[in-house]
Amino acid sequence: MVITFYGTRGSIPVCESGFQEFGGNTTCVAVSGKKEGGSVLVFDAGTGIRKLGKELISKNFSQGNKIFLTFSHFHWDHIQGFPFFAPAYDINKEIQFFIIGDDAPDLHDFKEIFAKQMESTYFPIGIDDMGANFTFTVNKGNKVAFDGGQITVNKHKHPGGAYGYRLETEGKVFVYCTDIEHGDSLDQNVVNFCKNADVLIHDAQYTPEELPNHKGWGHSSWEQAIGVAEAANVKMLYLTHHDPEHNDDFLRKVERQCQQRFSNCFLAREGQEVVI
Ligand SMILES: [Zn+2]
Ligand SMILES: [Zn+2]
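Residues numbered from 1 in each chain as written. Chains lettered and ligands numbered in written order. Predicted model: local features only at pLDDT ≥ 70, side-chain atom pairs only at ≥ 80, totals over all residues.

Asker: Quick one: what's the story with the overall build of the chain, residue by residue and with numbers?
Answerer: Secondary structure summary: the chain contains five helices and 14 strands in total. In terms of overall size, the chain behaves like a compact globule, its C-alpha atoms giving a radius of gyration of 18 Å where 276 residues would be expected to give roughly 19 Å. Counting only C-alpha atoms, the chain reaches 50 × 40 × 35 Å along its principal axes. Taken over 276 residues, the chain has a buried fraction of 44%. A separation threshold of at least 6 residues defines the contact pool for the chain, and within that pool the share at least 24 residues apart is 67%. (Helix = DSSP H or I, 4+ residues; strand = E, 2+ residues; numbered from the N terminus. Rg over C-alpha atoms; globule rule 2.2 N^0.38 Å. Buried ≥ 20, exposed ≤ 12 C-beta atoms within 10 Å, placed from the backbone. Contact = placed C-beta atoms within 7 Å.)

This is the structure:
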């Protein structure tokens, strides 16, 4: 499994100098197999998805291999890159949007989320005029078979709710858990959901000092993310959804603090690839 960060920034993109090491694009993570040219599974379509799209086009991603897009939730920073995803304009590409969850939106509403952000008031091209072959799937429940393995979801606390994803395939476990607010103590459902993950990507927008001033904003501190990793016996922890006010110097310092506590903890950098 190859996990690549295309967007690591939370809330809004930032493009100032001093933010380029960790990156300015909003959330997007792609998972593919180790062989080049297979299907790709994309978590969230923040502005980082633009670069992924360019790479998929340049690699001449083959016609038979699908692009799967799924979403933690639909706040702007997780969908705003989609209109700039080049494969969506290629009539030879097949893109499957899917979500899982008991209270996931119904099929019509799911498609409408993307259609609406491309209405003519906001964007010159409508979703139906993009060109690629889109399919939308809503799976009620909490589990689907995927790529010889399975994907499980867990709904966690965030304004409007958000879902974590656990992908188990090729004997490896990957958990994607962003836009989560634990509250005063760690959410034990989340800890259980992350059990024995080889790689956990977890929200860490705030420092422990900042967190009390952001109650109800829907995010975690790095200390909470490490708490989850420790309690769940996670092997490697990647922190993401970096606050737009935290520049590279700040994040490097945070990373050193994190590694003193949990040596296999890294702050995700845009472009970084993790192979397990
Ligand atoms: Zn977000
Ligand atoms: Zn959000």
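Further notes follow.
Asker: Talk me through the sheet that holds strand β9 (residues 162–169); I want residue IDs and the actual numbers.
Answerer: Ordered by their spatial adjacency, seven strands build an open sheet running β7-β8-β9-β10-β11-β12-β13, and the pairing between neighbours is mixed. Looking at the sheet topology across the chains shown, the edges are occupied by β7 (143–146) and β13 (265–267). The mean inter-strand angle of the sheet, taken between neighbouring strand axes irrespective of direction, is 20°. The sheet contact formed by strand β11 (residues 199–203) and strand β12 (residues 236–240) spans five bridges and is parallel. Following the sheet pairing, Val 199 is matched in β12 by Met 236. Here helix α4 (residues 222–231) sits on the sheet and contacts β11, β12 and β13; the angle it forms with β12, its principal contact strand, is near 155°. Strand contacts of helix α5 (residues 248–261): β12 and β13, with the helix running at about 170° to β13, the strand carrying the most contacts. (Pairing = 2+ DSSP bridges. Axes fitted to C-alpha atoms, helices over the stretch in contact; angles between N-to-C directions.)

Asker: Go over the nonpolar core, please, and point to the residues and values.
Answerer: Counting residues in each nonpolar core, the largest one holds 70 residues, and the members touching the most others are Val 29, Val 42, Phe 174, Cys 194, Leu 200 and Leu 239. Contact partners of Leu 239, with chain neighbours within four places excluded, come to His 202, Ala 204, Trp 222, Ala 225, Cys 258, Cys 265, Leu 267 and Ala 268. (Core = buried A, V, L, I, M, F, W, Y, C linked by C-beta atoms within 7 Å.)

Asker: Quick one: what's the story with the sheet that holds strand β5 (residues 94–100), residue by residue and with numbers?
Answerer: One open sheet accounts for seven strands, arranged β6-β5-β4-β3-β2-β1-β14; its pairing is mixed. Strand pairing shows two members of the sheet lacking a second neighbour, β6 (133–139) and β14 (273–275), which therefore form its edges. Going from strand to strand, the sheet's axes swing by 20° on average, the running direction of each strand aside. When strand β1 (residues 2–7) meets β14, the two strands line up antiparallel, connected through three bridges. Residue pairing across strands places Thr 4 opposite Glu 273, the latter belonging to β14. Across the sheet, helix α2 (residues 107–117) lies against β5 and β6, angled at about 130° from β6, the strand it touches most.

Asker: Explain the pairing of β1 to me, and be specific about the residues and the numbers.
Answerer: By the criterion of burial, β1 is predominantly enclosed, with five of the six residues buried. Here β1 pairs with strand β2 (residues 28–32) via five bridges, running antiparallel. Across the sheet, residue Thr 4 finds its bridge partner in β2, namely Ala 30.

Asker: Which residues make up helix α1 (residues 49–58), and what are the values?
Answerer: For α1, the full list of buried residues reads Ile 49, Arg 50, Lys 51, Leu 52, Gly 53 and Leu 56. Those residues of α1 that are buried lie in contact with β1, β2 and β3 (40–43).

Asker: I'd love a proper account of the pairing of β12, names of residues and values included.
Answerer: Counting buried residues along β12, four of its five residues qualify, which places the element largely inside the surrounding structure. Once you follow β11 into α4 and on to β12, the crossover reads as right-handed. Two strands pair when backbone bridges link them, and β12 and β13 are joined in this way by three bridges, in the parallel orientation. Looking at the pairing, Leu 239 lines up with Leu 267 of β13. (Right-handed = clockwise from strand over helix to strand, strands pointing away.)

Asker: Break down unusual backbone geometry for me, citing the residues and quoting the values.
Answerer: A positive phi angle is found at Asp 147, which is not glycine, with a value near 50°. For Asp 147, the position within the fold is in the loop between β7 and β8 (149–156). Residue classification places Asp 147 among the partly exposed positions, given that 18 C-beta atoms sit within 10 Å. Within the chain, Glu 170 stands out as a residue other than glycine whose phi angle is a positive 50°.

Asker: So what's going on with the environment of Glu 16? Which residues, and what values?
Answerer: Examined against the element boundaries, Glu 16 turns out to sit in the loop between β1 and β2. Residue classification places Glu 16 among the exposed residues on the basis of 9 C-beta atoms within 10 Å.

Asker: Talk me through the environment of Val 173; I want residue IDs and the actual numbers.
Answerer: Its location among the elements puts Val 173 in strand β10 (residues 172–177). Separated by 23 residues in the primary sequence, Val 173 and Gln 150 have C-alpha atoms spaced 9.9 Å apart. Leave out the neighbours within four places in its chain, and Val 173 touches Arg 166, Glu 168, Asn 196, Ala 197 and Asp 198.

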